[in-house]
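Chain by chain, the residues:
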Amino acid sequence: MAEIHAGSCNCGQVTFSIKGNLRDIMACHCSQCRKQSGLYFAATEAKDADLIINGAEHITWYSASEAAKRGFCKTCGSTLFWKHNELDRTSILAGAFDTPINVKITEHIFCKDRSRFYDISDGLPQYDGPPPILKTP
Ligand SMILES: [Zn+2]
Ligand SMILES: [Zn+2]
């Protein structure tokens, strides 16, 4: 039996669950994640087939680029998802989970775009751009 992971937005109108494995968490410091979050994104990822979203009508999908869109609750603004338009997987903001998840941040990406008011000092790999290996859950 696969473990079930569940999460929600701040107001509770959007909930989600994943029955299956989660990818390690990537911290993305790109300018889009920086502006949307005020800091950076920490996101895991699941296969679309493993992800069930309830309250999807409360999600706004914003296309910040031609490659991907960003899903957030239109009522409370909680950032929930990042979805590449051509991949069958969805990134899920790690802070949105209500159940414990057994994955951790393993690397920092797009560090060149980060704000300079904080340092990355956890000793994990840092990349100026995208991750060198495209990982899957
Ligand atoms: Zn909400
Ligand atoms: Zn980013």
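Since this is a predicted model, take the numbers as computed values, not measurements. (Residues numbered from 1 in each chain as written. Chains lettered and ligands numbered in written order. Predicted model: local features only at pLDDT ≥ 70, side-chain atom pairs only at ≥ 80, totals over all residues. Heavy atoms only, no water.)

Peer 1: So, the packing of aromatic side chains: which residues are in play, and what are the values?
Peer 2: Within this structure, the stated rule accounts for five aromatic pairs. For the pair F16 and F81, a centre-to-centre distance of 5.5 Å together with 70 degrees between the ring planes defines the contact as edge-to-face. Pair noted here: F16 is in strand β2 (residues 15-19) and F81 is in strand β8 (residues 79-84), with a separation of 65 residues, a long-range link. Taking the relative accessible area as the measure of exposure, F16 reaches 2% and is therefore buried. Through pairs of rings, three or more aromatic residues link up here, namely F16, W61, F81 and F97. The ring of W61 has K69 lying over it, and the distance from NZ or CZ to the ring centre is 5.1 Å. (Phe/Tyr/Trp six-rings, centres within 6.5 Å; stacked < 30°, edge-to-face > 60°. Helix = DSSP H or I, 4+ residues; strand = E, 2+ residues; numbered from the N terminus. Buried < 20%, exposed > 50% of the residue type's maximum accessible area, 1.4 Å probe, protein only. Lys NZ or Arg CZ within 6 Å of the ring centre and 35° of its normal.)

Peer 1: Pulling in residues and values, what's your account of the coordination of the zinc ion (ligand 1)?
Peer 2: At the metal site, the zinc ion (ligand 1) is ligated by C9 (SG), C11 (SG), C73 (SG) and C76 (SG), and these contacts range over 2.3 to 2.4 Å. Viewed at the metal, the four donor atoms of the zinc ion (ligand 1) are separated by angles of 106 to 115 degrees, and the geometry they form is tetrahedral. On the primary sequence, the residues serving as donors to the zinc ion (ligand 1) are separated as C-x1-C-x61-C-x2-C. Residue C11 is found in the loop between β1 (4-8) and β2, and its partner C76 is found in the loop between β7 (68-73) and β8; the two are separated by 65 residues along the sequence. Among the residues examined, C11 registers a relative accessible area of 36% and is labelled partly exposed. (Donors = N, O, S within 2.8 Å, 3.2 Å for Na, K, Ca; no water. Tetrahedral: all angles 85-135°; square planar, octahedral: opposite > 155°, others 65-115°.)

Peer 1: Break down the coordination of the zinc ion (ligand 2) for me, citing the residues and quoting the values.
Peer 2: Looking at the zinc ion (ligand 2), one finds its protein donor set to be C28 (SG), C30 (SG) and C33 (SG), positioned 2.1 to 2.2 Å from the metal centre. One chain supplies every donor to the zinc ion (ligand 2), and in sequence these donors are spaced C-x1-C-x2-C.

Peer 1: Before we move on, could you go through the pattern of salt bridges and cite the residues and values that matter?
Peer 2: When the charged atoms of two side chains lie near each other, side chains of opposite charge can form a pair. The final tally for this structure, using the stated rule, is four salt bridges. Of the charged contacts, one joins R89 and E45 as a salt bridge, the two residues approaching to 3.1 Å between their closest N and O atoms. Pair noted here: R89 is in strand β9 (residues 89-93) and E45 is in strand β4 (residues 41-47), with a separation of 44 residues, a long-range link. Here R89 and E45 have matching classes, each one buried. A salt bridge links K83 to D48, with the nearest nitrogen and oxygen atoms 2.9 Å apart. Placement of the pair is K83 in strand β8 and D48 in the loop between β4 and β5 (51-54), with a sequence separation of 35 residues. Residue classification places K83 among the buried positions, given a relative accessible area of 14%. (Salt bridge = Lys/Arg side-chain N within 4 Å of Asp/Glu carboxyl O.)

Peer 1: Before we move on, can you summarise the sheet that holds β8 with the specific residues and values?
Peer 2: The seven strands are arranged β6-β7-β8-β9-β4-β3-β10 in an open sheet whose pairing can be described as mixed. The two strands at the open ends of the sheet, each matched to only one other strand, are β6 (59-62) and β10 (105-109). Put simply, the sheet's adjacent strands are angled 30 degrees from each other on average, direction ignored. (Pairing = 2+ DSSP bridges. Axes fitted to C-alpha atoms, helices over the stretch in contact; angles between N-to-C directions.)

Peer 1: Explain the pairing of β9 to me, and be specific about the residues and the numbers.
Peer 2: When you tally the buried positions in β9, you get five out of five residues, the bulk of the element. Alternating positions in β9 separate into two faces, R89, S91 and L93 on one and T90 and I92 on the other, with burial throughout. As paired strands, β4 and β9 are joined by five bridges and run antiparallel to one another. By the bridge assignment for β9, A43 is matched with L93. As judged from the two bridges shared by β8 and β9, these two strands associate in the antiparallel manner. The partner of W82 across the bridge, within β9, is S91.

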